[in-house]
Amino acid sequence: QVQLVESGGGLVQPGGSLRLSCAVSGSIRSIYYKGWYRQAPGKQRELVATITPGGSTNYADSVKGRFTISRANAKDSVSLQMNSLKPEDTAVYYCNADIQRSSAHLPQNYWGQGTQVTVSS
């Protein structure tokens, strides 16, 4: 079974840093990581950062200059480095990707299970 698995969340004080990672489990033919999203309690899921296959990045205004999205050299995982964290960054963070399981399958969109990030003193 193909899954996206996030890791790296946790509790951090304001001003601190966390690094989230997302990797795929299971056998696949190709993966196109689309980016990171987050959802705070009582709010809609929102885009945090995206990265294209060519490496171009885009960020929500609220995280520009503080967050950095990147892919591993093998391009089989994607990370989100989060610095200068604020209480308003508290949310469940999700990884999103299009995955083609094999040549017999069309690409499908996948979400990870989410990882909790809590910024609090």
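For clarity, every value in this text was computed on a predicted model and none was experimentally measured.

## Topic: the pattern of salt bridges
Tallying each qualifying case throughout the model produces 5 salt bridges. Across the salt bridge formed by K34 and D98, the nearest N and O atoms sit 3.6 Å from each other. Of the two residues, K34 is situated in strand β4 (residues 30–39) and D98 in strand β9 (residues 91–100); the sequence distance between them amounts to 64 residues. Residue K34 is classed as partly exposed on the basis of its relative accessible area of 31%.

## With respect to the state of the cysteines
For the structure on display, the rule yields 1 disulfide. Note that C22 is cross-linked by a disulfide to C95, the S-S spacing being 2.2 Å. Handedness here is read from the sign of the S-S torsion; for C22 and C95, about -85 degrees, the answer is left-handed. Of this pair, C22 sits in strand β3 (residues 18–25) while C95 sits in strand β9; the two residues are 73 residues apart in sequence, bridging distant segments of the chain.

## Let's talk about unusual backbone geometry
In the Ramachandran plot, S84 falls in the positive-phi region, its phi being about 50 degrees despite a non-glycine side chain. Among the secondary structure elements, S84 is positioned in the loop between β8 (77–82) and β9. For S84, a relative accessible area of 40% puts it in the partly exposed group.

## Focus on the nonpolar core
Core analysis: the largest hydrophobic core is formed by 27 residues, its most contacted members being W36, L80, M82 and Y93. Elements that contribute at least two residues to this core include exactly β3, β4, β5 (46–51), β7 (67–71), β8, β9 and β11 (115–119). It is β9 that contributes the most residues to this core, 5 residues altogether. When neighbours within four sequence positions are excluded, Y93 is seen to be in contact with E6, L20, W36, Y37, R38, V48, F67, L80, M82, G114, T115 and V117.

## What to know about the packing of aromatic side chains
Working definition: an aromatic ring pair is given by the centre-to-centre distance plus the angle between the planes. One pass over the full model with this rule turns up 2 aromatic pairs. Consider the rings of Y37 and W111, whose centres lie 5.0 Å apart with planes at 70 degrees: the pair is edge-to-face. Taken together, the residues Y37 in strand β4 and W111 in strand β10 (residues 108–111) connect sequence positions 74 residues apart. Overall, the relative accessible area of 36% leaves W111 in the partly exposed class. Through a chain of ring-to-ring contacts, three or more aromatic side chains come together here, namely Y37, Y94 and W111. Between R45 and the ring centre of Y94, over which it is positioned, the NZ or CZ distance is 3.7 Å. The ring of W111 carries the charged tip of R45 above its face, separated from the ring centre by 4.5 Å.

Basis of the calculations
Residues numbered from 1 in each chain as written. Predicted model: local features only at pLDDT ≥ 70, side-chain atom pairs only at ≥ 80, totals over all residues. Heavy atoms only, no water. Salt bridge = Lys/Arg side-chain N within 4 Å of Asp/Glu carboxyl O. Helix = DSSP H or I, 4+ residues; strand = E, 2+ residues; numbered from the N terminus. Buried < 20%, exposed > 50% of the residue type's maximum accessible area, 1.4 Å probe, protein only. Disulfide = S-S within 2.5 Å. Core = buried A, V, L, I, M, F, W, Y, C linked by side-chain atoms within 4.5 Å. Contact = heavy atoms within 4.5 Å. Phe/Tyr/Trp six-rings, centres within 6.5 Å; stacked < 30°, edge-to-face > 60°. Lys NZ or Arg CZ within 6 Å of the ring centre and 35° of its normal.

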